[in-house]
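Given next are the chains, with one letter for each unit.
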Amino acid sequence: QVQLVESGGGLVQAGGSLRLSCAVSGSVYTFNAMGWYRQAPGKQRELVAISTRDGSTNYADSVKGRSTISRDNAKITVSLQMNSLKPEDTAVYYCNVAIRSTWYTNLNDYWGQGTQVTVSS
């Protein structure tokens, strides 16, 4: 059983900062991409930032220059530092990790439960 537990969401004023964290626990044989997605009310879930095992990163244009994704492969954690937050960043943020839970299973996407980020104007 694999679990992803997120933390760090909350209410912040525009221009403020938040750091989201996600910790993976349970049966992990190997893992690859780790990322953050968000979903605002009435909108589809969208990619915010992603980090691959080789260290490459990719960001949505809307957060580029304001956000930094980082990972700790030894601890199996991924974080998202968000600065200069805007009201349009308000959403539920989800952690996503591609994990093989055993040597004989495929790489599957696992999701956290989501953490609310609200940015007030």
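Because the structure is predicted, anything quoted here is derived from the model rather than measured.

1. A word on the side chain of Thr-102
Inference 1: Following the sequence through the fold, Thr-102 ends up in the loop between β9 (91-100) and β10 (108-111).
Inference 2: On the basis of relative accessibility, which here comes to 18%, the residue Thr-102 falls in the buried class.
Inference 3: Excluding residues within four positions of it along the chain, Thr-102 makes contact with Ser-27 and Tyr-29.

2. Section: the state of the cysteines
Inference 1: Throughout the structure, instances matching the rule amount to one disulfide.
Inference 2: Bridging Cys-22 to Cys-95, the disulfide has an S-S length of 2.1 Å. Taking the sign of the S-S torsion, about -80° here, the bridge from Cys-22 to Cys-95 comes out left-handed. Of the two residues, Cys-22 sits in strand β3 (residues 18-26) while Cys-95 sits in strand β9, which places them 73 residues apart along the sequence.

3. As for the pattern of salt bridges
Inference 1: Scanning the model with the defined rule gives four salt bridges in all.
Inference 2: In this structure, Glu-46 and Arg-38 form a salt bridge, with 2.7 Å as the shortest nitrogen-oxygen distance.
Inference 3: The class for Arg-38 is buried, based on a relative accessible area of 6%.
Inference 4: The shortest N-O distance in the salt bridge between Asp-89 and Arg-66 comes to 2.8 Å. Remark: Arg-66 occurs in the loop between β6 (57-59) and β7 (67-72) and Asp-89 occurs in the loop between β8 (77-82) and β9; sequence separation between them is 23 residues. Neither Asp-89 nor Arg-66 differs from the other in exposure class; each is buried.
Inference 5: A single network of salt bridges, built from pairs that share partners, joins Arg-38, Glu-46, Arg-66 and Asp-89.

4. Comments concerning the packing of aromatic side chains
The description of an aromatic ring pair rests on the distance of the ring centres and on the angle between the ring planes.
Inference 1: Summed over the entire model, instances satisfying the criterion amount to two aromatic pairs.
Inference 2: Consider the rings of Tyr-37 and Trp-111, whose centres lie 5.0 Å apart with planes at 65°: the pair is edge-to-face. Taken as a pair, Tyr-37 in strand β4 (residues 30-39) and Trp-111 in strand β10 lie far apart in primary sequence, 74 residues in all.
Inference 3: Centre to centre, the rings of Trp-103 and Tyr-104 are 5.4 Å apart; their planes meet at 85°, and the pair counts as edge-to-face. Neither residue differs from the other here; Trp-103 and Tyr-104 are each classed as exposed.
Inference 4: Over the aromatic face of Trp-111 sits the side chain of Arg-45, whose NZ or CZ is 4.6 Å from the ring centroid.
Inference 5: Against the face of Phe-31 rests Arg-53, its NZ or CZ located 4.4 Å from the ring centre.

Rules used throughout
Residues numbered from 1 in each chain as written. Predicted model: local features only at pLDDT ≥ 70, side-chain atom pairs only at ≥ 80, totals over all residues. Heavy atoms only, no water. Helix = DSSP H or I, 4+ residues; strand = E, 2+ residues; numbered from the N terminus. Buried < 20%, exposed > 50% of the residue type's maximum accessible area, 1.4 Å probe, protein only. Contact = heavy atoms within 4.5 Å. Disulfide = S-S within 2.5 Å. Salt bridge = Lys/Arg side-chain N within 4 Å of Asp/Glu carboxyl O. Phe/Tyr/Trp six-rings, centres within 6.5 Å; stacked < 30°, edge-to-face > 60°. Lys NZ or Arg CZ within 6 Å of the ring centre and 35° of its normal.

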